[in-house]
Amino acid sequence: MSEVDFDVVVAGAGAAGRAAALAAAERGASVLVAESHETFRAGSNTAMSTSMIPAAGTRWQREAGVEDSPATFLGDVLAKTGGDVDATVARTLTEIGAELVEWLVDRWGVPLELVTDFVYPGHSVARCHAVADRSGRTLHGHLLRALQSCDEATLAVPMRLERVVERDGAVTGAVVSVPGREEEVVTAGAVVLATNGYAGRPDLVARHCPDIAGARYFGGDGAVGTALEVGEALGADTAYLDAYQGHGSVADPHGVILTWAAIMHGAIVVDSGGARFGDETTGYSEYARLVLARPGGHAWVVLDERIERACQQFADFRDLVAAGALRAAEDVGALSALVGADVAPALAEAAAAADGDAPDPHGRTAWEAPLAPPFRAVRVTGALFHTQGGLCVDSRAAVLRDGRPVPGLYAAGGAAVGMSGHGPAGYLAGNGLLAALGLGLLAGRSAPP
């Protein structure tokens with residue numbers, strides 16, 4: 001590929017890379033999408049998600065009578081992060097959400113719909129848009145087919161971005177490698193870094209996110225810090241490197257996610273001693289380290305048949321059932337035997353709060369209904385899904401160096417600073433996909449042809 005020119009080189013074929021490639025290609029740019037891992041078709045963070053893309057002010061919200069706006073969405077972000085968030089990225093992403101989901105549906109045929117059966121923690125209204133089966137695999141497939149239908153885009157797998165080429169302060173191409181061949185230089189008017197974050201690098205996790213170091217990594221193979229290393233070699237600005245999305249309900253040992261929708265429908269989480277240990281509705285990201293801190297590093301999510309039926313819409317939940325992770329218990333005694341401790345006090349505590357008879361000692365106020373036998377239970381552990389810090393970007397997704405854009409260099413998704421502030425607690429459901437697709441769209445539109 002030496003001496004071959006492309007208008008744009010996109011490193012990474014996840015949601016961020018595909019959005020960037022599609023946006024650049026529809027402007028007539030020739031695009032090389034270099035993906036280093038052949039497993040990306042099944043093992044990307046997009047495929048492992050629940051396909052939720054938060055967006056405010058969409059036509060689906062208007063049809064459902066949901067009043068929302070980018071300003072309201074931004075207010076929710078500021079509330080969840082305590083106001084400590086990259087202001088430019090947060091404002092940019094909350095403003096582009098509606099345009100993004102309509103672009104995906106109308107231009108590329110991705111069948112998104114508004115999720116109205118529950119509202120995820122931190123969102124004040126229903127604003128998450130997803131495919132019908134709430135499956136990241138399904139969304140992943142639609143995005144991949146869109147890319148493959150685009151004549152202007154060339155997908156090269158496996159091909160790894162080693163470094164970018166800079167001349168006179170501007171990026172003019174990339175050095176790429178293919179197994180068994182020498183490194184090659186591809187000239188380009190722009191390079192988009194969409195190689196995810198660094199959650200798959202234990203050393204970087206231990207350095208930047210020590211409170212989740214050693215946890216199970218539940219993400220794609222490509223999150224090895226490539227963009228961070230490439231950017232730092234250029235002297236690019238970085239921020240919020242301690243931010244990450246965790247998840248407090250990965251079935252143990254099955255390795256299948258139990259959707260937090262179960263919690264929002266009324267499930268509770270108890271530890272191996274049978275006791276609840278927090279307000280479960282604060283969010284699944286921050287609950288990862290809480291679960292890991294319990295004895296044995298695991299807990300139990302307790303639900304009932306009503307909640308089981310409500311979660312059937314999620315493909316991941318059906319996978320969890322098929323894996324045998326959902327255990328049945330006819331009554332409180334059987335449930336206690338399953339957990340290995342008396343859960344009657346926790347159930348009584350939750351029931352009193354759900355019925356309005358007494359305030360929840362942990363501060364939980366969101367309850368659909370008390371749990372009722374027969375029960376279901378899933379043993380879970382906490383996991384790290386992806387990091388939320390990275391290269392600083394402006395409102396066009398251009399990478400910053402000393403606060404100024406590096407000409408020809410862009411970043412999206414886990415490669416860039418997200419909108420989750422510090423640590424795990426600022427993460428709102430869908431932040432990862434919005435940052436990937438939203439910044440990808442902006443990068444593809446901004447990259448010079």
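Only a predicted model underlies this, so the values are computations on that prediction, with no experimental measurement involved.

The rules behind these values
Residues numbered from 1 in each chain as written. Predicted model: local features only at pLDDT ≥ 70, side-chain atom pairs only at ≥ 80, totals over all residues. Heavy atoms only, no water. Helix = DSSP H or I, 4+ residues; strand = E, 2+ residues; numbered from the N terminus. Rg over C-alpha atoms; globule rule 2.2 N^0.38 Å. Buried < 20%, exposed > 50% of the residue type's maximum accessible area, 1.4 Å probe, protein only. Contact = heavy atoms within 4.5 Å. Areas by Shrake-Rupley, 256 points an atom, 1.4 Å probe, with all protein chains shown as cover. Lys, Arg positive; Asp, Glu negative; His and termini not counted. Charge placed at Lys NZ, Arg CZ, Asp CG, Glu CD. Pairing = 2+ DSSP bridges. Core = buried A, V, L, I, M, F, W, Y, C linked by side-chain atoms within 4.5 Å. Axes fitted to C-alpha atoms, helices over the stretch in contact; angles between N-to-C directions. Left-handed = near helix turned anticlockwise from the far one by under 90°. Nonpolar A, V, L, I, M, F, W, Y, C, P; charged D, E, K, R; others polar. Parallel < 35°, antiparallel > 145°, perpendicular 65-115°, else oblique. Polar contact = N/O pair within 3.5 Å; in protein donor to acceptor, adjacent residues only side chain to side chain. Right-handed = clockwise from strand over helix to strand, strands pointing away. Phe/Tyr/Trp six-rings, centres within 6.5 Å; stacked < 30°, edge-to-face > 60°. Lys NZ or Arg CZ within 6 Å of the ring centre and 35° of its normal.

A. Spatial organisation of the overall build of the protein. Each helix and strand in the protein was counted, giving 16 helices and 19 strands. Since a compact globule built from 449 residues should have a radius of gyration of about 22 Å, the 22 Å found for the protein is in line with a globular shape. With the C-alpha coordinates aligned to their principal axes, the bounding extent of the protein is approximately 70 × 45 × 40 Å. For the protein, the proportion of its 449 residues judged to be buried stands at 61%. If you take every contact in the protein between residues at least 6 apart in sequence, the share linking residues at least 24 apart comes to 75%. By element, 50% of the accessible surface of the protein is carried by carbon and sulfur atoms, the whole surface being about 15,500 Å². When the 33 positive and 54 negative side-chain charges of the protein are each reduced to one mean point, those points stand 2 Å apart.

B. Spotlight on the environment of V343. For V343, the location among the structural elements is in the loop between α14 (332-339) and α15 (344-355). Between the alpha carbons of V343 and G17 there is a distance of 47 Å; along the sequence they are 326 residues apart. When near neighbours in sequence (up to four residues on either side) are disregarded, V343 contacts V270, G274, V332, L335 and S336.

C. Examining the sheet that holds strand β3 (residues 53-54) more closely. Taken together, three strands build an open sheet; the order of strands is β3-β5-β4 and the sheet is antiparallel. Of all the strands in the sheet, just β3 and β4 (113-114) have a single pairing partner and so form its edges. Sheet topology note: the β3/strand β5 (residues 128-130) ladder contains two bridges and is antiparallel. Directly across from I53, in β5, lies its bridge partner H129.

D. Inspection of the nonpolar core at higher detail. Judged by nonpolar contacts, the single largest core of 95 residues is most densely connected at V10, V31, W103, L104, L193, L409 and L437. Among the elements that take part in this core, helix α6 (residues 87-108) stands out by supplying 10 residues, more than any other. Aside from chain neighbours lying at most four places away, what touches L193 is A11, L161, A227, V230, L391, L409, Y410, A411, A412 and A415. Ranked by size, the runner-up nonpolar core spans 51 residues in total, among them V115, W260, W300 and C311.

E. Region of interest: the packing of helix α1 (residues 15-25) against helix α7 (residues 136-148). Closest axis-to-axis distance for the α1/α7 pair is 10 Å, and the angle between their directions is 35°. In this structure, α1 crosses over α7, and the sense of that crossing is left-handed. Across from A15, R18, A21 and L22 in α1, the residues of α7 making contact are H140, L143, L144, A146 and L147. Residues of the contact of α1 with α7, tallied by class, amount to seven nonpolar, one polar and one charged.

F. Examining the packing of α1 against helix α16 (residues 431-446) more closely. Taken N-terminus to C-terminus, the directions of α1 and α16 make an angle of 30°; their axes are 7 Å apart at the nearest point. As the angle between them shows, α1 and α16 are arranged roughly parallel. Classified by chirality, the crossing of α16 by α1 is right-handed. Across from A15, A16, A19, A20, A23 and A24 in α1, the residues of α16 making contact are L433, A436, L437, G440, L441, G444 and R445. For the contact of α1 with α16, the residue count by class is 10 nonpolar, two polar and one charged.

G. Looking closely at the environment of Q388. Relative to the helices and strands, Q388 is located in the loop between β16 (375-387) and β17 (390-391). With 381 residues separating them in the primary sequence, Q388 and D7 have C-alpha atoms 28 Å apart. Other than its neighbours up to four places away in sequence, Q388 contacts Y240, A243, Y244, Q245, A416, V417, G418, M419, S420, Y427, N431 and G432. One polar contact links Q388 to H386, side chain to side chain, over a distance of 3.3 Å.

H. Here's a closer look at the pairing of strand β2 (residues 31-34). Neither face of β2 is left uncovered, since the one carrying V31 and V33 and the one carrying L32 and A34 both have all their residues buried. Here strand β1 (residues 5-11) pairs with β2 via four bridges, running parallel. The residue bridging V10 from the neighbouring strand is V33, located in β2. Regarding topology, α1 serves as the crossover connection from β1 to the parallel β2, and that connection is right-handed. With four bridges connecting them, β2 and strand β6 (residues 153-156) associate as parallel partners. Of the residues in β6, the one forming a bridge with V31 is A153.

I. Broad picture of the packing of aromatic side chains. On inspection of all chains with the given rule, the structure shows nine aromatic pairs. Between F118 and Y120, the aromatic rings sit 4.8 Å apart at their centres with planes inclined by 80°, giving edge-to-face as the arrangement. A residue is classified by how much of its surface remains accessible, and Y120, at 5% relative accessible area, is buried. Aromatic pair F118 and F314: ring centres 6.1 Å apart, planes at 40°, arrangement tilted. Of this pair, F118 sits in the loop between β4 and β5 while F314 is found in the loop between α12 (305-310) and α13 (315-322), placing the two residues 196 residues apart along the sequence. F314 carries the same exposure label as F118, and that label is buried. Members of the aromatic cluster, connected to one another through ring pairs, are F118, Y120, W260, F277, Y284, Y287, F314 and Y427. Positioned over the ring face of W108 is R107, at 4.1 Å from the centre of the ring. Of note, R364 hangs over the ring of W367, and the distance from its end group to the ring centre comes to 3.9 Å.

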